[in-house]
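A look at the structure
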Amino acid sequence: MARIVMKFGGTSVANLERIHNVARHVKREVEAGHEVAVVVSAMSGKTNELVSWVQDTPKANGANSPFYDAREYDTVVASGEQVTSGLVAIALQSMGINARSWQGWQIPIRTDNSHGAARIMEIDGTEIIKRMGEGQVAVIAGFQGIGPDNRIATLGRGGSDTSAVAIAASVKADRCDIYTDVDGVYTTDPRIVPQARRMKKVSFEEMLEMASLGSKVLQVRSVELAMVFKVRTFVRSSFEDPDAPGMGDLLNPPGTLICDEEEIVEQEVVTGIAFAKDEAQISLRRLSDRPGVSAAIFGPLAEAHINVDMIVQNISEDGSKTDMTFTVPYGDVQKAIKVLEDNKEKIGFDVVQSESGLAKVSVIGIGMRSHAGVAALAFKALAEKSINIKAITTSEIKISILIDGAYSELAVRTLHSAYGLDKS
Ligand code: ASP
Ligand code: MG
């Protein structure tokens, strides 16, 4: 017997037929004798609709400010998950399974006070563990908890992944299964590289890099939590027949296991190629090279909530002036330039230049730590396709390369095959 948390995303609960299918997946695990807790998202599209209602209400009242209270935003948008938790409980009950829905506040899932993007602080798993022990399935509304102000709080878009991992940690589950509309995590986006392979296993660290680089399978925060609490997390499809052979396999269900690197025996040097389009580059020319200059640049950008990514500073030629280049999402360029111009005196630079329409392609793999020549292979492969490199940054397990956006797909395909990731 094992204890399993099963999370179903929006497309998996998109209509009543799919909810019935979800219930069949749950039934399979219950009948195998496992203790089960279920975490659900809102039906796909529902959260977007609720968000738009919140945004449109002040306008409909003739207000010229789009202001709305974040606590009331949470009250509205959390309702999508309330609906699916009840429906899944009803579907299970109608199949003869003992099930009960739970809202975040009922457990309780305690969060901080950042309404709209709250963080989970604490989950009391006692009652859920007790009920599971009595054979009851807890169907928990994802995405929501209760803040210190005693009001409903939501965890940010995609937050029900984080709910599921946090609940798995708090009830000490053996597994957290994330059921979604894809059957696992791929070596790169299969829509761009049809030869992409589904990975059997990927380490938390690698997945974190892939998730933050735009492989949108899981909310980044959920991977961080899984890594901290070592929650073995499977990404798998809810669209497969719940009773197909192997679906109930305890140790190796079909899908991708995200786990501790120690569990990965055959480690490849490179496990995947991630990419992010719509990047822009900003360069500060003839910047004074003195202590505090980076703080003077990135402090105000952070205060303006501009997410800065690749940062490259040149070694100064004469010890007095240098150049600094960094990337921001395309949509933030104008805002970033304004912040820099506003602080020009304080920072001390000559001109600010920018370029949009760029893409960042990243090669990821924990095997890089112990292998030489990994970066050189990427540069050679891109050179052979005449793709120009604008900036490079590296970490222990990642090489990120900034290129012209027009070449992003070619670059991804080239690197995918250069590192031997294409399926044969
Ligand atoms: N329903 C929420 C959203 O669409 C949370 C989630 O599905 O993870 O962002
Ligand atoms: Mg999601």
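Residues numbered from 1 in each chain as written. Chains lettered and ligands numbered in written order. Predicted model: local features only at pLDDT ≥ 70, side-chain atom pairs only at ≥ 80, totals over all residues. Heavy atoms only, no water.

- The name an unreviewed UniProt entry assigns to the protein chain is Aspartokinase, from the organism Neorhizobium lilium.
- UniProt lists a comment for the protein chain under the heading Catalytic activity (unreviewed entry), and it reads "L-aspartate + ATP = 4-phospho-L-aspartate + ADP". (UniProt positions renumbered as here; feature names shortened; annotations may be inferred.)

1. A short note on the site of ligand 1
- Near ligand 1 you find Ser-41, Ala-42, Thr-47, Glu-81, Phe-143, Arg-157, Gly-158, Gly-159 and Ser-160, and these make up its full shell.
- Ser-41 has a polar side-chain atom sitting 3.0 Å from an oxygen atom of ligand 1.
- For ligand 1, an oxygen atom lies 2.5 Å from a polar atom in the side chain of Ser-160.
- With the chains in place, 86% of the 260 Å² that ligand 1 exposes on its own is no longer accessible.
- Considering only residue class, the shell around ligand 1 consists of two nonpolar, five polar and two charged. (Near = heavy atom within 4 Å. Polar contact = N/O pair within 3.5 Å; in protein donor to acceptor, adjacent residues only side chain to side chain. Areas by Shrake-Rupley, 256 points an atom, 1.4 Å probe, with all protein chains shown as cover. Nonpolar A, V, L, I, M, F, W, Y, C, P; charged D, E, K, R; others polar.)

2. Points about the sheet that holds strand β3 (residues 99-102)
- Taken together, the eight strands give an open sheet; going across it, the order is β3-β6-β2-β1-β9-β11-β12-β10, and neighbouring strands pair in mixed fashion. The sheet is open, and its two borders are formed by β3 and β10 (201-203), each paired with just one other strand. Each neighbouring strand pair of the sheet contributes to a mean axis angle of 20 degrees, computed without reference to strand direction.
- One ladder, built from three bridges, connects strand β11 (residues 233-237) with strand β12 (residues 256-259); its direction is antiparallel. Counted as the bridge partner of Val-235 is Thr-256 from β12.
- Along the sheet, helix α1 (residues 16-31) contacts β1 (3-8), β2 (35-40), β6 (137-141), β9 (175-180) and β11; its crossing angle with β1, the most-contacted strand, is approximately 175 degrees.
- The strands that helix α6 (residues 160-170) touches are β1, β2, β6, β9 and β11; relative to β1, the one it contacts most, it runs at about 175 degrees. (Pairing = 2+ DSSP bridges. Helix = DSSP H or I, 4+ residues; strand = E, 2+ residues; numbered from the N terminus. Axes fitted to C-alpha atoms, helices over the stretch in contact; angles between N-to-C directions. Contact = heavy atoms within 4.5 Å.)

3. Observations concerning the nonpolar core
- Core analysis: the biggest nonpolar cluster contains 42 residues, and Val-5, Ile-128, Ile-140 and Cys-176 have the highest contact counts within it.
- Elements that contribute at least two residues to this core include exactly β2, β5 (120-123), α5 (126-133), β6, α6, β9, α7 (204-212) and α8 (220-229).
- For Cys-176, the contacting residues outside a window of four places in its chain are Val-5, Ala-164, Val-165, Ala-168, Val-231, Arg-232, Thr-233 and Phe-234.
- By size, the runner-up hydrophobic cluster in this structure holds 22 residues, among which are Val-293, Ile-297, Val-328 and Phe-349. (Core = buried A, V, L, I, M, F, W, Y, C linked by side-chain atoms within 4.5 Å. Buried < 20%, exposed > 50% of the residue type's maximum accessible area, 1.4 Å probe, protein only.)

4. Description of the packing of α7 against α8
- Two numbers describe how α7 lies on α8: the axes approach to 9 Å, and their chain directions differ by 170 degrees. The angle between α7 and α8 falls in the class roughly antiparallel. Mapping the contact onto sequence places Phe-204, Glu-205, Met-207, Leu-208, Ala-211 and Ser-212 in α7 and Val-220, Val-223, Glu-224, Ala-226 and Met-227 in α8.
- Residues belonging to the contact of α7 with α8 are distributed by class as follows: eight nonpolar, one polar and two charged. (Parallel < 35°, antiparallel > 145°, perpendicular 65-115°, else oblique.)

5. Quick look at the pattern of salt bridges
- The tally for this structure, following the rule as stated, stands at 32 salt bridges.
- Where Arg-413 meets Glu-409, a salt bridge forms, and the shortest distance between an N and an O atom there is 3.9 Å. With Arg-413 and Glu-409 both in helix α13 (residues 408-418) and four residues apart, the pair spans about one turn of that helix.
- Accessibility expressed as a relative area gives 31% for Glu-409, which makes it partly exposed. (Salt bridge = Lys/Arg side-chain N within 4 Å of Asp/Glu carboxyl O.)

6. Some words on the pairing of strand β18 (residues 398-404)
- In terms of burial, β18 is a largely internal element, six of the seven residues being buried.
- Two strands pair when backbone bridges link them, and strand β16 (residues 351-364) and β18 are joined in this way by seven bridges, in the antiparallel orientation. Bridge pairing in β18 places Ser-362 opposite Ser-400.
- Sheet topology places strand β17 (residues 391-395) next to β18; five bridges connect them, and they run antiparallel. The partner of Thr-394 across the bridge, within β18, is Ile-399.
- Linking two consecutive strands that pair antiparallel, namely β17 and β18, is a turn of two residues.

7. Things to note about the UniProt feature "binding site: substrate" (unreviewed entry) in the protein chain
- On the UniProt side, "binding site: substrate" (unreviewed entry) is annotated at positions that read Thr-47 and Glu-81 here. The annotated residues occupy 35 residues of the chain but converge on a single region, no pair of C-alpha atoms lying more than 8.7 Å apart.
- Secondary-structure assignment places Thr-47 in helix α2 (residues 46-60).
- Overall, Thr-47 belongs to the buried group, its relative accessible area being 10%.

8. A few points about the packing of aromatic side chains
- Under the definition given, this model contains three aromatic pairs.
- With 5.9 Å between their ring centres and 15 degrees between their planes, Tyr-68 and Tyr-73 make a pair best called stacked. (Phe/Tyr/Trp six-rings, centres within 6.5 Å; stacked < 30°, edge-to-face > 60°.)

9. Considerations on the UniProt feature "domain: ACT" (unreviewed entry) in the protein chain
- Mapped onto this numbering, the UniProt entry gives "domain: ACT" (unreviewed entry) at residues 282-357 and 363-424.
- Secondary structure across residues 282-357 comprises 33% helix and 34% strand; the distance between its end C-alpha atoms is 12 Å.
- Between the C-alpha atoms that bound residues 363-424 there is a distance of 20 Å. The span itself is 35% helix and 23% strand.

10. Topic: the sheet that holds strand β15 (residues 321-329)
- Judged by pairing direction, the sheet is antiparallel, and its six strands sit side by side in the order β14-β15-β13-β16-β18-β17 without closing on themselves. Two strands bound the open sheet, and with one partner strand each, they are β14 (311-313) and β17. If you compare each strand with its neighbour and ignore which way they point, the axes differ by 30 degrees on average.
- Note that β14 and β15 share three bridges and pair antiparallel. Residue pairing for β15: Val-312 is matched across the bridge by Thr-325.
- Along the sheet, α7 makes contact with β13 (272-288), β16, β17 and β18, crossing β16 at roughly 140 degrees.
- Helix-sheet contacts for helix α9 (residues 293-303) involve β13, β14 and β15, and the interaxial angle to β15 is about 20 degrees.

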